[in-house]
Amino acid sequence: MSRVMPREIAVGVGAFISLVSLMRTSAMSESMIDFNQSLPVSIDGWTKSEPPDRFTPETLSSYIDGGAELFLSYNFEGSISLKYKDSADAEIIVDIFDMGSSYDAFGAFAHSRETIDSRFGQGSEYAGGLLTFWKDRYYVSILAFPETPAKRDVVFRVADAISGAIKNDGALPPVIALLPAEDLIPESVKYFHHYVWLNSFSFVSAENVLDIGNDTPAALGKYRQEGATCYVLVVRYPDAALAEAAGEQFRQKVLGGGTEMTRVMDDGRWTGLQRRGELLSIVFNAPDAQAVRNILTKIRE
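This write-up is about the structure you can find in this document. A quick note: this is a predicted structure, and the numbers were derived from the prediction, not measured.

Quick word on the sheet that holds strand S13 (residues 270-276)
Step number 1: Across the sheet, 6 strands lie side by side as S9-S10-S11-S14-S13-S12; this open sheet has antiparallel pairing. Every other strand in the sheet has two partners, leaving strand S9 (190-192) and strand S12 (262-264) as the edge strands with one partner each. Put simply, the sheet's adjacent strands are angled 15° from each other on average, direction ignored.
Step number 2: Alignment of strand S11 (residues 228-236) against strand S14 (residues 279-286), held across 6 bridges, turns out to be antiparallel. When the sheet's bridge partners are listed, Val232 is paired in S14 with Val283.
Step number 3: Contacting strand S10 (218-225), S11, S12, S13 and S14, helix H6 (residues 289-296) runs over the sheet at an angle of about 30° to S13.

Pasting the structure below:
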């Protein structure tokens, strides 16, 4: 049977996809503009610029040179960027990113966080004039550099206004609940579904050795172990067969292809693999084989 789509059908499908894309972009744009309209026009001498800049997946790299890949890997849908300026033309830059889901909003936020703080949204971090937080499907960044106490107050007031405009909380990715709680460093937890972030803590492979993609949610956490740290990864696959295939590939390419699922690496630290149904769990950088086994037994549905 021919796999070539008739021209009439192809044109119809293309038009339908374009229409759906336009509808999603329009809905996103309207909700993002609502955020802009909910923000105060002026705060303590700082005046909001109009209109905000808008960015799509196709144009984000023109705004965040070299940094757009992070957001795109979390299914970024669109954003607005606006500024508050004072009489000396200093700026406070406000960026609101629609990540499409609360899972991906959390993932984008948690990617670089170093502390646990719940002052804004569902989790926030402030340091050196930069405030970031997430709530529901949105990731927010507010930058006031160089930092001053007066700027910090404005940043916090803007954050309160944005957080208040987001009416609902979003769910956390269920896969992160599979990370064992004992010895976990909470601020280290990361969520992703792009293989490059597997190397967030230490290099594993330049290849996608675990076949991680949009349909394989993954969580990675750092653990305190005998004066050092080890890392635990859990990946949920659509079915057990795919999990088994990914585990076999990891065994061949990372564990050296032996029959054992636990191996001492070149640096003297241990890595171990476990599969249960559609769930694949891996411990990296453990002090010994027993530590690997102890952690893996704590990973349960």
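A word on the environment of Arg269
Step number 1: Along the chain, Arg269 falls in the loop between S12 and S13.
Step number 2: Assessed through its relative accessible area of 19%, Arg269 is described here as buried.
Step number 3: Along the primary structure Arg269 and Ala289 are separated by 20 residues, whereas in three dimensions their C-alpha atoms are 8.9 Å apart.
Step number 4: Discounting residues that sit within four places of it in the chain, Arg269 has contacts with Ala228, Thr229, Arg263, Val264, Asn285, Ala286 and Pro287.
Step number 5: In terms of polar contacts, Arg269 uses its side chain to reach the backbone carbonyl oxygen of Asn285, at 2.8 Å.

So, helix H3 (residues 102-110)
Step number 1: Counted residue by residue, H3 has 8 buried out of 9 residues, so it is predominantly covered.
Step number 2: Buried within H3 we find Ser102, Asp104, Ala105, Phe106, Gly107, Ala108, Phe109 and Ala110.
Step number 3: Looking at the buried positions of H3, the neighbouring elements they touch are helix H2 (68-73), strand S6 (124-127), strand S7 (130-135), strand S8 (138-143) and S9.

Details of the pattern of salt bridges
Step number 1: Considering all chains together, one arrives at 12 salt bridges under this definition.
Step number 2: Among the salt bridges present, the one from Arg157 reaches Asp44, with a minimum N-O distance of 2.9 Å. One end of the pair, Arg157, is in helix H4 (residues 149-165); the other, Asp44, is in the loop between strand S1 (42-43) and strand S2 (46-48), with 113 residues separating them in the sequence.
Step number 3: The partly exposed category is assigned to Arg157, whose relative accessible area is 43%.
Step number 4: Glu207 serves as the salt-bridge partner of Lys253, at 2.9 Å between the closest nitrogen and oxygen. Of the two residues, Lys253 is situated in helix H5 (residues 240-253) and Glu207 in the loop between S9 and S10; the sequence distance between them amounts to 46 residues.
Step number 5: Judged by its relative accessible area of 47%, Lys253 falls in the partly exposed class.
Step number 6: Residue Glu207 is classed as partly exposed on the basis of its relative accessible area of 43%.
Step number 7: Through salt bridges with shared partners, a single network forms among Lys83, Lys85, Asp89 and Glu91.

Describing the nonpolar core
Step number 1: Membership of the largest hydrophobic core comes to 58 residues, with the highest contact counts inside it found for Met99, Leu210, Leu233 and Phe250.
Step number 2: Excluding residues within four positions of it along the chain, Met99 makes contact with Phe71, Tyr74, Asn75, Phe76, Asp104, Ala105, Ala108, Arg137 and Tyr139.
Step number 3: Counting 25 residues, the second-largest nonpolar core is a separate cluster that includes Ile80, Tyr84, Ile92 and Ala144.

Some remarks on a nonpolar patch on the surface
Step number 1: A cluster of nonpolar side chains, namely Leu130, Leu143 and Phe145, defines an oily patch on the protein surface of about 290 Å² accessible area.
Step number 2: You can see Phe145 is positioned in the loop between S8 and H4.
Step number 3: What makes Phe145 exposed here is its relative accessible area of 62%.

Reading the values: the criteria
- Residues numbered from 1 in each chain as written.
- Predicted model: local features only at pLDDT ≥ 70, side-chain atom pairs only at ≥ 80, totals over all residues.
- Heavy atoms only, no water.
- Pairing = 2+ DSSP bridges.
- Helix = DSSP H or I, 4+ residues; strand = E, 2+ residues; numbered from the N terminus.
- Axes fitted to C-alpha atoms, helices over the stretch in contact; angles between N-to-C directions.
- Contact = heavy atoms within 4.5 Å.
- Buried < 20%, exposed > 50% of the residue type's maximum accessible area, 1.4 Å probe, protein only.
- Polar contact = N/O pair within 3.5 Å; in protein donor to acceptor, adjacent residues only side chain to side chain.
- Salt bridge = Lys/Arg side-chain N within 4 Å of Asp/Glu carboxyl O.
- Core = buried A, V, L, I, M, F, W, Y, C linked by side-chain atoms within 4.5 Å.
- Patch = residues over 30% accessible without salt bridge, like charges linked within 9 Å, V, L, I, M, F, W, Y side chains within 5 Å.
- Areas by Shrake-Rupley, 256 points an atom, 1.4 Å probe, with all protein chains shown as cover.

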